[in-house]
Amino acid sequence: MEKKDDTLKYDAEIAMVQGKEGTEPLIIKAAIGRTLIRRVYVDNGSSVNVMYEHCLKGFPSDIQRYLKPTIASMVRFTGQSVWPSGKILLPFTLGDYQGSIRKTILTEFVVQASSPNNILLGRTSLWKLQAVSSTKHGLLKFPTKERVAIFENTSIGPPECSHVVQPEQADLME
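Residues numbered from 1 in each chain as written. Predicted model: local features only at pLDDT ≥ 70, side-chain atom pairs only at ≥ 80, totals over all residues. Heavy atoms only, no water.

Chemist: Teacher, can you tell me more about the overall build of the chain here?
Modeler: When its secondary structure is counted, the chain shows three helices and 12 strands. Relative to its 174 residues, the chain shows a buried fraction of 43%. Summarising the internal contacts of the chain: among those between residues at least 6 apart in sequence, 66% fall at separations of at least 24. As presented, the chain carries roughly 10,100 Å² of accessible surface, and 53% of it is formed by carbon and sulfur atoms. (Helix = DSSP H or I, 4+ residues; strand = E, 2+ residues; numbered from the N terminus. Buried < 20%, exposed > 50% of the residue type's maximum accessible area, 1.4 Å probe, protein only. Contact = heavy atoms within 4.5 Å. Areas by Shrake-Rupley, 256 points an atom, 1.4 Å probe, with all protein chains shown as cover.)

Have a look at this one:
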């Protein structure tokens, strides 16, 4: 019987992804419901998930109506307090190019702020997804039922930065 290797390790040979030096932020694609979200910033330093208001506005009104008020304020890394527009619970899916997926429900705090990203995925969600990230390797790894899935850093141009893709416009894991 062959032993399955479920370790989350990074090989030295892939330390340089696509000619980059590992200094790029880790940006991935994910799905909320059946909607593909580009520019999900993986942030090991954040304790919460943030969805920027421009992203929420890209969803149909039946999703937007789940936004609930919150009395919690958030503190930016600069020390400045920010009051979220609210919070929302949404189904979140990560999937790799081989079709392995991991699903969970995430709480997103919706913030009205300028950002080239749509979502900031914080460390508590990475823990919940059992995901391990490496900016040096430009990878996010997470266990699935089949194997350890690998998600590479997505590099997309500025015109696509804040684009939310509806299911009829694109396949979930293009």
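That shown, we press on.
Chemist: Just checking my understanding: could you explain the nonpolar core for this structure?
Modeler: Most often, soluble globular proteins keep nonpolar side chains buried together rather than apart. Among the nonpolar cores identified, the biggest contains 26 residues, and Ile28, Ile32, Met51, Phe92, Leu94 and Leu140 are the most heavily contacted of them. Breaking this core down by element, the ones donating at least two residues are β1 (27-32), β2 (35-43), α1 (53-56), β6 (86-95), β7 (101-111), β8 (119-122), β10 (139-143) and β11 (148-152). A total of four residues in this core trace back to one element, the largest contributor, which is β6. Excluding residues that lie within four positions of it along the chain, Leu94 makes contacts with Ile28, Lys29, Ala30, Ser100, Ile101, Arg102, Leu129, Leu140 and Phe142. (Core = buried A, V, L, I, M, F, W, Y, C linked by side-chain atoms within 4.5 Å.)

Chemist: Looking at this model, I keep getting lost on the side chain of Thr144. Mind explaining?
Modeler: Inspection of the secondary structure assignment puts Thr144 in the loop between β10 and β11. Here the side chain of Thr144 touches Arg147 through a polar contact of 2.7 Å, landing on its backbone oxygen. If we ignore the near neighbours within four places in the chain, the residues touching Thr144 are Ser100, Ile101 and Ala149. (Polar contact = N/O pair within 3.5 Å; in protein donor to acceptor, adjacent residues only side chain to side chain.)

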